[in-house]
Amino acid sequence: MGGLAEELLAELNCETAFTIHIGSINIPIAESTVITWVVMAVILLLSLFLTSRLRVYNISKKQLFAETVVIKLENFITDMIGEEGKAYVPYLCAVILYIGIANLIGLFGVKPPTKDLNVTAALALMSIILVQYASIHKKGLKGWLRSFKEPMAIVVPINILEILIKPLSLCMRLFGNVLGAFVIMELIKILIPVALPVPFSFYFDIFDGLIQAYVFVFLTALYIKEGME
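Residues numbered from 1 in each chain as written. Predicted model: local features only at pLDDT ≥ 70, side-chain atom pairs only at ≥ 80, totals over all residues. Heavy atoms only, no water.

Trainee: Which parts of the structure should I look at to understand the packing of aromatic side chains?
Mentor: Each aromatic ring pair is summarised here by two numbers: the centre-to-centre distance and the angle between the ring planes. Counted according to the given criterion, the structure contains three aromatic pairs. Plain terms: the ring middles of phenylalanine 76 and tyrosine 214 are 5.7 Å apart, the flat faces sit at 40° to each other, and that makes the pair tilted. Here phenylalanine 76, found in helix 3 (residues 61-81), pairs with tyrosine 214, found in helix 7 (residues 197-228); they are 138 residues apart in sequence, far enough to count as distant. A relative accessible area of 36% places phenylalanine 76 in the partly exposed class. Here tyrosine 214 and phenylalanine 218 contribute two aromatic rings whose centre-to-centre distance is 5.8 Å and whose plane-to-plane angle is 20°, an arrangement assigned as stacked. Here the residue tyrosine 214 and the residue phenylalanine 218 both occupy positions in helix 7, the gap between them amounting to four residues, near one helical turn. Classification of phenylalanine 218 as partly exposed rests on a relative accessible area of 33%. (Phe/Tyr/Trp six-rings, centres within 6.5 Å; stacked < 30°, edge-to-face > 60°. Helix = DSSP H or I, 4+ residues; strand = E, 2+ residues; numbered from the N terminus. Buried < 20%, exposed > 50% of the residue type's maximum accessible area, 1.4 Å probe, protein only.)

Trainee: Hey, could you run me through the side chain of threonine 114 in this one?
Mentor: With respect to the helices, strands and loops of the structure, threonine 114 is situated in the loop between helix 4 (89-104) and helix 5 (117-146). Overall, threonine 114 belongs to the buried group, its relative accessible area being 0%. A distance of 2.6 Å separates a polar atom in the side chain of threonine 114 from a polar atom in the side chain of asparagine 103. When residues no more than four places from it in sequence are discounted, the contact partners of threonine 114 are Ala102, Asn103, Val119, Thr120, Leu174, Phe175 and Val178. (Polar contact = N/O pair within 3.5 Å; in protein donor to acceptor, adjacent residues only side chain to side chain. Contact = heavy atoms within 4.5 Å.)

Trainee: Which parts of the structure should I look at to understand unusual backbone geometry?
Mentor: Phi is mostly negative for residues that are not glycine, and the peptide bonds are mostly trans. Even without being a glycine, arginine 53 presents a positive backbone phi close to 55°. Along the chain, arginine 53 turns up in the loop between helix 2 (31-50) and helix 3.

Trainee: What's the story with helix 2 in this structure? I'm lost.
Mentor: Note on helix geometry: an α-helix contains 3.6 residues per turn, so any two residues three or four positions apart are oriented the same way. Given a rise of 1.5 Å per residue, 20 residues ought to cover 28 Å, and the 29 Å separating the end C-alpha atoms of helix 2 matches this to within 8%. All of the buried residues along helix 2 are Ser32, Ile35, Thr36, Val39 and Leu50. For helix 2, the buried positions fall inside an angular range of 105° around the axis, keeping them on one side. Relative to its buried face, helix 2 has exposed residues pointing more than 90 degrees away, namely Leu44, Leu45, Leu48 and Phe49. (Expected span 1.5 Å × (residues − 1). Arc of directions from axis to C-beta.)

Trainee: Honestly, the nonpolar core in this entry has me stumped. Any pointers?
Mentor: Across soluble globular proteins, nonpolar side chains have a tendency to be buried as a group. Core analysis: the largest hydrophobic core is formed by 35 residues, its most contacted members being Ile77, Ile99 and Ile224. Every element with two or more residues in this core is listed here: helix 2, helix 3, helix 4, helix 5, helix 6 (156-191) and helix 7. Other than its neighbours up to four places away in sequence, isoleucine 99 contacts Leu123, Leu174, Ala213 and Phe216. (Core = buried A, V, L, I, M, F, W, Y, C linked by side-chain atoms within 4.5 Å.)

Trainee: Mind showing me how you'd approach the pairing of strand 2 (residues 25-30) here?
Mentor: Two faces, one strand: in a regular strand the side chains alternate between the faces of the sheet. Summarising the sheet, strand 1 (residues 16-22) and strand 2 pair through six bridges and their orientation is antiparallel. Of the residues in strand 2, the one forming a bridge with phenylalanine 18 is isoleucine 29. In sequence, strand 1 turns back onto strand 2 through a hairpin of two residues, with glycine 23 there showing a positive phi of about 65°. (Pairing = 2+ DSSP bridges.)

Trainee: Would you take a moment to explain the environment of valine 178 for this structure?
Mentor: By the element assignment, valine 178 lies in helix 6. Classification of valine 178 as buried rests on a relative accessible area of 8%. C-alpha of valine 178 to C-alpha of glutamine 212: the two residues are 34 residues apart in sequence and 7.7 Å apart in space. Among all residues touching valine 178, those that are not within four sequence positions of it are Asn103, Pro112, Thr114 and Lys115.

Trainee: Hey, could you run me through the packing of helix 3 against helix 4 in this one?
Mentor: To describe two helices that pack against each other, one gives the angle between their axes and the distance between the axes. Taken N-terminus to C-terminus, the directions of helix 3 and helix 4 make an angle of 115°; their axes are 10 Å apart at the nearest point. Here helix 3 lies roughly perpendicular to helix 4, going by the angle between them. For the crossing formed where helix 3 meets helix 4, the hand is right-handed. Contacts between helix 3 and helix 4 pair Leu73, Glu74, Phe76, Ile77, Thr78 and Ile81 from the former with Val89, Leu92, Cys93, Ile96 and Leu97 from the latter. (Axes fitted to C-alpha atoms, helices over the stretch in contact; angles between N-to-C directions. Parallel < 35°, antiparallel > 145°, perpendicular 65-115°, else oblique. Left-handed = near helix turned anticlockwise from the far one by under 90°.)

Trainee: What am I meant to see in the environment of asparagine 26 here?
Mentor: Topologically, asparagine 26 is positioned in strand 2. With residues near it in sequence (within four places) discarded, asparagine 26 still touches Thr19, Ile20 and His21. A distance of 2.6 Å separates polar atoms of two side chains, one belonging to asparagine 26 and the other to histidine 21.

Trainee: Please clarify how the pattern of salt bridges should be interpreted in this entry.
Mentor: Oppositely charged side chains can pair when the atoms bearing their charge come close. Under the counting rule described, the total for this entry stands at one salt bridge. Its salt-bridge partner being glutamate 84, residue lysine 138 comes within 3.5 Å of it at the nearest N-O pair. Of this pair, lysine 138 sits in helix 5 while glutamate 84 sits in the loop between helix 3 and helix 4, placing them 54 residues apart in sequence. Given a relative accessible area of 43%, lysine 138 falls into the partly exposed group. (Salt bridge = Lys/Arg side-chain N within 4 Å of Asp/Glu carboxyl O.)

Read these as spatial facts, not as claims about activity.
Right under this line is the structure:
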C-alpha cells in the first residue's frame, strides 16, 4: 500500500521541467508551464495550417472545416453570453479550446496542466478581471460602484466578498474535477490490467475533460452577463 501511495504522489507532483539562470536569479519553469506552451503551439500551428491560402470562392476542405469550427464555436459561446457580450467571445473561445485540449492530452499519458492549482488559479483570475472590466465598461465606474449596493446597502460586504468567491469557485471547481479524474485514472491503471482502463480513460479524459472546459467557460460567460445587467 505504501508503494501505491508513493507512486500516486509521484504522479501528482508538479515537477520543475528546467530552470532559467539570469545572473544570481534562478527562475524555475514548472512542468505544467511547458505543457501549456506545447498546447498553445499546437493551437497556433493548427490555426496557421487551417487558415493558409484562404479563398472567397471554391474554398478548400480545410478552409471549410476551419470556418465551420469557428462559426459553430462562436455561436455556441454567443448563446451563453448574449449579443451584448460578443466582444468577449474570442477570449472565451480561446479559453474553452485551451482547457479542452489541455484536458485531452491525458490520453497520451501527459499530465494535464489544469492539474496544477497555479494554472487554474491564473485562468480564474484572468476571467474574473475580465468580468469586472465588462461590468465597468458597461455601467461606468460610478455605476459599477453603485451596483455593490444592490438590492440594498446592507449587502455591500457580501457583494464585495463575492468578487473573491467567484475566482476561488472557478479555480477550485476546475482543479478539483481534473485532479479527481486524474487520481482515479492513475489508481485504475495501477490496480487493473492495461486493457481494462481504456473505457474509463474515454470517460475521464474525454467526456469529463470537455465537460470541465464547458463549465468553466459557461460560468465565466454567466458572470460577465450578470456584470453587464
